Amino acid sequence: QVHLVESGGGLVQPGGSLRLSCAASGSIFSINAMGWYRQAPGKQRELVAAITSGGSTNYADSVNGRFTISSDNAKNTVYLQMNSLKPEDTAVYYCNAGGVKISYYAHSVDYWGQGTQVTVSS
């Protein structure tokens, strides 16, 4: 079994910072990419940032320049440093591990964390 455990969410004032962490555990052979998605009330889930095993990154326009995604491949862990937070960043943030294989011959599968609440408010 593969599990994603998220941490670091919470309440922060506008302009503040938070750092989210997500660790993938279990019988993992390889992970192609990891990323963060978020879903605000009344909105669709959207990609926030992603990073491949090779280190290439991709950001949503709304967070580019404020958020930084990084990873520790040896620990199967991904981080999201969120700076200059705005009220519109309020959402449940979900960790995603894409293209996960438990063996070389296994079919690749995506896994999701349970989500962590980020609330930006005065």
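Residues numbered from 1 in each chain as written. Predicted model: local features only at pLDDT ≥ 70, side-chain atom pairs only at ≥ 80, totals over all residues. Heavy atoms only, no water.

With respect to the helices, strands and loops of the structure, lysine 75 is situated in the loop between strand 7 (67-72) and strand 8 (77-82). For lysine 75, a relative accessible area of 56% puts it in the exposed group. Remark: the alpha-carbon pair of lysine 75 and methionine 34, spanning 41 residues in sequence, is separated by 12 Å. (Helix = DSSP H or I, 4+ residues; strand = E, 2+ residues; numbered from the N terminus. Buried < 20%, exposed > 50% of the residue type's maximum accessible area, 1.4 Å probe, protein only.)

Counting 29 residues, the largest nonpolar core has Met34, Trp36, Leu80, Met82 and Tyr93 as the members making the most contacts within it. Of all elements in the fold, only strand 1 (2-7), strand 3 (18-26), strand 4 (33-39), strand 5 (46-52), strand 7, strand 8, strand 9 (91-100) and strand 11 (116-120) reach the threshold of two or more residues within this core. Top element by residues in this core is strand 9. It accounts for 5 residues. Look past the residues within four positions of leucine 80 in its chain and what remains in contact with it is Leu18, Arg19, Leu20, Trp36, Val48, Ala49, Phe67, Thr68, Ile69 and Tyr93. (Core = buried A, V, L, I, M, F, W, Y, C linked by side-chain atoms within 4.5 Å. Contact = heavy atoms within 4.5 Å.)

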